[in-house]
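So you can see what is in the structure, the chains are spelled out below.
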Amino acid sequence: MNWTRRRLLAAGAGAAFLRARAADASVHGLRKIAEQRGLVYGCSVHSRNLEHQDFAEALVREAGCLVAETESKRHIIEAVRGSFNFGPTERLLTFAEKHRMHFRGHTLVWHERNPNWLQDALEAGPSDRILTDYIQAVVQHFRGRIGSWDVVNEAVLPEDQRSDGLRNSLWTKAFGPGYIDLAFHAARAADPGTQLVYNETHLEAASDRGNFKRQHTLRLLEGMKARGVPIDAIGIQSHLRPYEWGLDEKALAHFLREIVDLGLRVLVTELDVRDWGGPLDLAKRYQEAADITQRYLSVVMTTSRVDAIVTWGLSDRYTWLTRWKPTSSPDPAPLPLDRNMNRKPMWYAIANALSSDVSPAMWQRD
Ligand code: G3I
């Protein structure tokens, strides 16, 4: 008997759990639960992981949308200037299309993961075509097949102390803050039918950093809307860190209401729970990850117009956080499925946020 059943039987929730478990067996997965509410659930993926049958089956069962965790970034697509390698993204997109999944593009303009030649090219003579030609080539190549793009990623940074709160990235240095408008206009021209998203991190954080990110991201988006820049949505990455900065539901709800007032949709784009620093007891850590996921998503879902919930990975077996965890910490458990593709309390928290049919209440705390 696995830990969940034992604890639930002990907690007297056995009957409810068994009923739910039986019902759970008929649940098609987060994809179906989301679709019943007109929403999308998906996850990021690396194409090399599609080779693992149990993972591929879990993807098909659970995901209604895929996004390349790395393979659609410029250092892979244009490693050689002017030569475009769409193969890695195509591999993932073909899998998604075969299983009638949506696909998100991540990301066209970032300060990280640019090809080695780019910095020199910008310094040699910053023609903004270095930015717009790339966007046009990539977005046009996938026109009609990628329904949503992270056009610009993580442009706000407190440490650079600019009055506009922007990161002093290679893009800002080359073209000034106007590079962001340029990017969105180029993306819209390349495929008028795809959703254009500004993606940012730490917006959910209960911290000074989170306050700065929310304040300056809002100012950025307000300016873009005032200038008529074609932007459709904000991507809130949602890398939750319950043991470092927690969650400020009030500040998050206030921010989201401002986003709604701007007429922007919301996507949760990279949800996971960084759990080092949490209890060593796995069941407790699982439950606390589910609790903060439930709290977070209930704020997001009730205060904004959400299109999609995307987790940054599907199974703990393939989380990016494994490489970042402190050596003394146990393997991270940030995602809805465990390493053997079993559903964890976090799965139920997401399912519950997507519908009223499944409640994590049955995961009784001791
Ligand atoms: O595939 C190669 C492997 O062949 C090689 O042996 C290994 C050597 O280190 O590198 C592997 O590639 C790594 C790749 O992930 C796939 O695992 C890259 O080095 C590594 O840099 C890359 O990291 C990704 C990172 O973005 C940079 O692209 C992470 O997986 C990915 O989770 C992370 O995602 C970012 C979002 O794009 C933006 N928001 C933050 C988020 C987390 O940092």
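Caption draft 1: Spotlight on the overall build of the protein. Counting its secondary structure elements, the protein contains 14 helices and nine strands. Of all 366 residues assigned to the protein, the portion counted as buried reaches 58%. Surface summary for the protein: the accessible area is close to 15100 Å², and the carbon and sulfur share equals 49%.

Caption draft 2: Seen up close, the site of the ligand. Within the structure, the ligand sits among 16 residues, and E69, K73, H106, R113 and E270 are positioned closest to it. The contact in question runs from an oxygen atom of the ligand to an N or O atom on the side chain of H46, over 3.5 Å. In the model, an oxygen atom of the ligand is placed 2.6 Å from a nitrogen or oxygen of the E69 side chain. With the chains in place, 62% of the 790 Å² that the ligand exposes on its own is no longer accessible. A majority-of-atoms criterion places the ligand in the largest pocket. Of the residues that constitute the shell around the ligand, the class distribution is three nonpolar, six polar and seven charged.

Caption draft 3: Up close: the nonpolar core. Residues L59, L66, L108, V152, F184, Y296 and L354 are the most contacted members of the largest nonpolar core, which totals 97 residues. Those residues in contact with F184, other than ones at most four positions away along the chain, are V151, V152, L196, V197, Y198, M224, V229, P230 and I231. The next biggest cluster of nonpolar side chains, apart from the first, holds nine residues, and it includes C65, V197, A233 and L267.

Caption draft 4: Inspection of the pattern of salt bridges at higher detail. Counting across every chain of the model gives 22 salt bridges. A salt bridge links R162 to D164; its shortest N-O distance comes to 2.7 Å. Where R265 meets D307, a salt bridge forms, and the shortest distance between an N and an O atom there is 2.7 Å. Pair noted here: R265 is in strand β8 (residues 265-273) and D307 is in strand β9 (residues 306-311), with a separation of 42 residues, a long-range link. The class of R265 is partly exposed, set by a relative accessible area of 29%. Via salt bridges that share partners, R61, E62 and R343 belong to a single interconnected network.

What counts and how
Residues numbered from 1 in each chain as written. Predicted model: local features only at pLDDT ≥ 70, side-chain atom pairs only at ≥ 80, totals over all residues. Heavy atoms only, no water. Helix = DSSP H or I, 4+ residues; strand = E, 2+ residues; numbered from the N terminus. Buried < 20%, exposed > 50% of the residue type's maximum accessible area, 1.4 Å probe, protein only. Areas by Shrake-Rupley, 256 points an atom, 1.4 Å probe, with all protein chains shown as cover. Near = heavy atom within 4 Å. Polar contact = N/O pair within 3.5 Å; in protein donor to acceptor, adjacent residues only side chain to side chain. 1 Å grid on protein atoms, 1.4 Å probe; cavity = no way out; pocket = protein on both sides within 12 Å on 5 of 7 lines; lining within 4 Å. Sits in = over half its atoms within 2 Å of the grid points. Nonpolar A, V, L, I, M, F, W, Y, C, P; charged D, E, K, R; others polar. Core = buried A, V, L, I, M, F, W, Y, C linked by side-chain atoms within 4.5 Å. Contact = heavy atoms within 4.5 Å. Salt bridge = Lys/Arg side-chain N within 4 Å of Asp/Glu carboxyl O.

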